[in-house]
Amino acid sequence: MFAVFIDQDSPRTRYVLQEILSRRWNTALAIFTNWNEFKASNEFFKIEYTTEKRDDSHSFFIQRENIIVEEGVNEYFNPTTNAYHISENTKKHLSLRIKNIDLSHSEKSRMLSVLDEPYPCLFPNDGDLGFDLFSMAFYFLSRYEEFQRFEEDKWGRFHYKNSFVSELHYNPSPVLDVAIIHFLGLMGALEKIQLPFDVQPTVDIDIAYRFKGRSLGRTLLSTFRFPLHLPHRIWSYLSRKDPFDPNNTVSEYLKGQENQSRVFWLCSSKTNGANKQVQRKYPPFQSVIRSVDKQTNIGLHPSLSTSPISDWKEEKEWLEKTTASNITHSRQHFLHLLFPDTYHILQKIGITDDWSMGFAENVGFRAGTAYPFHWFDLSKNEETNLCIHPFCLMDVTAKNYMKLNPDQAIDVGRTLKELVFIFGGRFAFIVHNESLSEAEGWGGWKRVFNSWKNPKIAVTSS
Ligand SMILES: [Zn+2]
């Protein structure tokens, strides 16, 4: 469907073109380095991606910037930005998408107004689009800024405040997806593409039980440290119930959305300040992992560790043995994601899909997108098969970092869900069995999580 002429070949160019013109939409793409062959091709949509428009140009021209053909990372690189408005044809198409869903008049007008807002672009220039979309996509998807120097937090993590997105004062949309859709609409290609939309609840289980499954020593220590919990502890002991029990919290919550959900288990053998899972040998812990595995998809929640290669491998093998299945998906505990080391280790231990791409202290799209994508390893300047699944919202982010009350958290979730719907993608978010239990300060939050998971925006036609 797409034909692209490039005047300089590079692993980065091929990666981005495959990612946003082919893999994302399951569409055919032909890349040409020979002008005459490109001219002779009769693909629907032809794009000239060069530094200068040819005299005999007959296709859509995107002016190429240098970053897409370079190697390595420029420590001091800072992309130029500009703002644009969504093209009329794109607006027409997306308006129809909004009008076709079953929502009230005011809800629809709120969503339609998003189409009139300005949006940021990177690498503005004189091409037909006004910016180099492919370099912009590369900058976001490769996480270029996370390979540059930034001020780390005490865990060494990249924060929202370090990100380029945090400096842009626009609505919290997936800015890369908006730019891609704007371009496809301008080309007339949007009519030939089905924009996906899905709501994807995911759960991290750091502590499977509030009281059960500890060693006697740990139980006694907690009893002395938290004397106010004693009545709950006694009630739990007598009733044999536990407020965090994933059988009641997680399984209940995911009912009806099992296919698109995923539950990540912390299963470190050692407990310390950062890894507080119950004892692995505790039989109910093993059986609840197996029952959740039967109900929905699961993955590993690698512990915070100073020797990650051996620890994560051991944890993965334990989870595989417990469930008698192959574990290939994971999400970092504390979203502890450092480039490129974390992904190198995950690849080494056989993880094919990572779900850590999001911010801890703010909502939004860390890679500018709500679509899954392959990771491009900047340290080797090559595309990898590791698939990244972004999320845009987390329970702890809303309550503890942003200090939102439940009503505000419902509004934020709705805004993000609507933005994902308009431009397509997955509205993926994170909750914990602890927050679902409504214990320990989470009272009143169940209705927030129910609103987030509600797949209400349903496409009746595209
Ligand atoms: Zn965790």
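In case you missed it, the structure is sitting above this.
Our subject in this report is the structure included herewith. (Residues numbered from 1 in each chain as written. Predicted model: local features only at pLDDT ≥ 70, side-chain atom pairs only at ≥ 80, totals over all residues.)

Brief notes about the overall build of the protein
So, step 1. Along the protein, the regular secondary structure elements total 18 helices and 15 strands.
So, step 2. A globule of 462 residues ought to have a C-alpha radius of gyration of about 23 Å, and the protein, at 24 Å, matches this closely.
So, step 3. Overall, the C-alpha framework of the protein stretches about 80 × 50 × 40 Å when taken along its three principal axes.
So, step 4. Nonlocal contacts in the protein, meaning residues at least 24 apart in sequence, comprise 77% of its contacts between residues at least 6 apart. (Helix = DSSP H or I, 4+ residues; strand = E, 2+ residues; numbered from the N terminus. Rg over C-alpha atoms; globule rule 2.2 N^0.38 Å. Contact = placed C-beta atoms within 7 Å.)

Structural notes on the environment of glutamate 167
So, step 1. Note that glutamate 167 resides in helix H7 (residues 164-167).
So, step 2. Measuring from C-alpha to C-alpha, the distance between glutamate 167 and methionine 187 comes to 30 Å, with 20 residues separating the pair along the chain.

Some remarks on the pairing of strand E7 (residues 197-205)
So, step 1. Most of E7 sits out of view: eight of its nine residues are buried.
So, step 2. The sheet contact formed by E7 and strand E15 (residues 425-432) spans eight bridges and is parallel. Residue pairing in the sheet places aspartate 198 in a bridge with arginine 426 of E15.
So, step 3. In the sheet, E7 pairs with strand E8 (residues 262-265) via four bridges, with the strands oriented parallel. Bridge pairing in E8 places valine 203 opposite valine 263. (Buried ≥ 20, exposed ≤ 12 C-beta atoms within 10 Å, placed from the backbone. Pairing = 2+ DSSP bridges.)

Considerations on the sheet that holds strand E1 (residues 2-6)
So, step 1. Read from one edge of the open sheet, four strands run E2-E1-E3-E4, paired in parallel fashion. Two strands bound the open sheet, and with one partner strand each, they are strand E2 (29-32) and strand E4 (60-63). Between one strand axis and the next, the sheet turns by 20° as a mean value, whatever way the strands run.
So, step 2. The sheet strands contacting helix H1 (residues 11-23) are E1 and E2, and the helix crosses E2 at an angle near 155°. (Axes fitted to C-alpha atoms, helices over the stretch in contact; angles between N-to-C directions.)

Re the packing of H1 against helix H5 (residues 133-141)
So, step 1. Where H1 meets H5, the closest approach of the two axes is 10 Å, and the angle between their N-to-C directions is 90°. Here H1 lies roughly perpendicular to H5, going by the angle between them. Across from Arg12, Thr13, Val16, Leu17, Glu19 and Ile20 in H1, the residues of H5 making contact are Phe134, Ala137, Phe138 and Leu141.
So, step 2. Split by residue class, the contact of H1 with H5 holds seven nonpolar, one polar and two charged. (Parallel < 35°, antiparallel > 145°, perpendicular 65-115°, else oblique. Nonpolar A, V, L, I, M, F, W, Y, C, P; charged D, E, K, R; others polar.)

Things to note about the packing of H5 against helix H8 (residues 175-187)
Axes are the key here: two packed helices are described by the angle between their axes and the distance separating the axes.
So, step 1. Interaxial distance between H5 and H8 falls to 10 Å at its minimum, and their mutual angle equals 160°. The angle between H5 and H8 falls in the class roughly antiparallel. Between H5 and H8 the crossing geometry is left-handed. Note on element contacts: H8 touches H5 through Leu176, Ala179, Ile180 and Phe183, opposite Leu133, Met136, Ala137 and Phe140.
So, step 2. When grouped by side-chain class, the residues that make up the contact of H5 with H8 number eight nonpolar, no polar and no charged. (Left-handed = near helix turned anticlockwise from the far one by under 90°.)

Observations concerning unusual backbone geometry
So, step 1. Residue proline 340 is bonded to the preceding phenylalanine 339 through a cis peptide linkage, with omega at -5°.
So, step 2. Mapped onto the secondary structure, proline 340 falls in the loop between strand E10 (329-330) and helix H14 (341-348).
So, step 3. Residue phenylalanine 334 is not a glycine yet carries a positive backbone phi of 60°.
So, step 4. Positionally, phenylalanine 334 belongs in the loop between E10 and H14.
So, step 5. If you check the backbone angles, lysine 403 has positive phi at about 55° while not being a glycine.
So, step 6. Here lysine 403 is to be found in the loop between helix H15 (395-401) and helix H16 (406-423).
So, step 7. Judged by local crowding, lysine 403 falls into the exposed class, with 8 C-beta atoms found within 10 Å.

Quick word on helix H18 (residues 446-453)
So, step 1. Within H18 the residues assigned to the buried category are Val448, Phe449, Trp452 and Lys453. Viewed end-on, H18 has its buried residues packed into an arc of 125°, placing them on one side of the element. (Arc of directions from axis to C-beta.)

Details of the nonpolar core
When a protein is soluble and globular, its nonpolar side chains tend to lie buried together.
So, step 1. Judged by nonpolar contacts, the single largest core of 116 residues is most densely connected at Leu133, Met136, Ala137, Trp265 and Phe429.
So, step 2. Ranked by residues supplied to this core, first place goes to H8 with nine residues.
So, step 3. For this core, the two domains that each supply at least three residues are domain 1 (1-76) and domain 2 (197-215 + 241-453). (Core = buried A, V, L, I, M, F, W, Y, C linked by C-beta atoms within 7 Å. Domains from an automatic or database assignment.)

Focus: the environment of phenylalanine 164
So, step 1. You can see phenylalanine 164 is positioned in helix H7.
So, step 2. In this structure the C-alpha to C-alpha distance between phenylalanine 164 and valine 114, which are 50 residues apart in sequence, comes to 21 Å.

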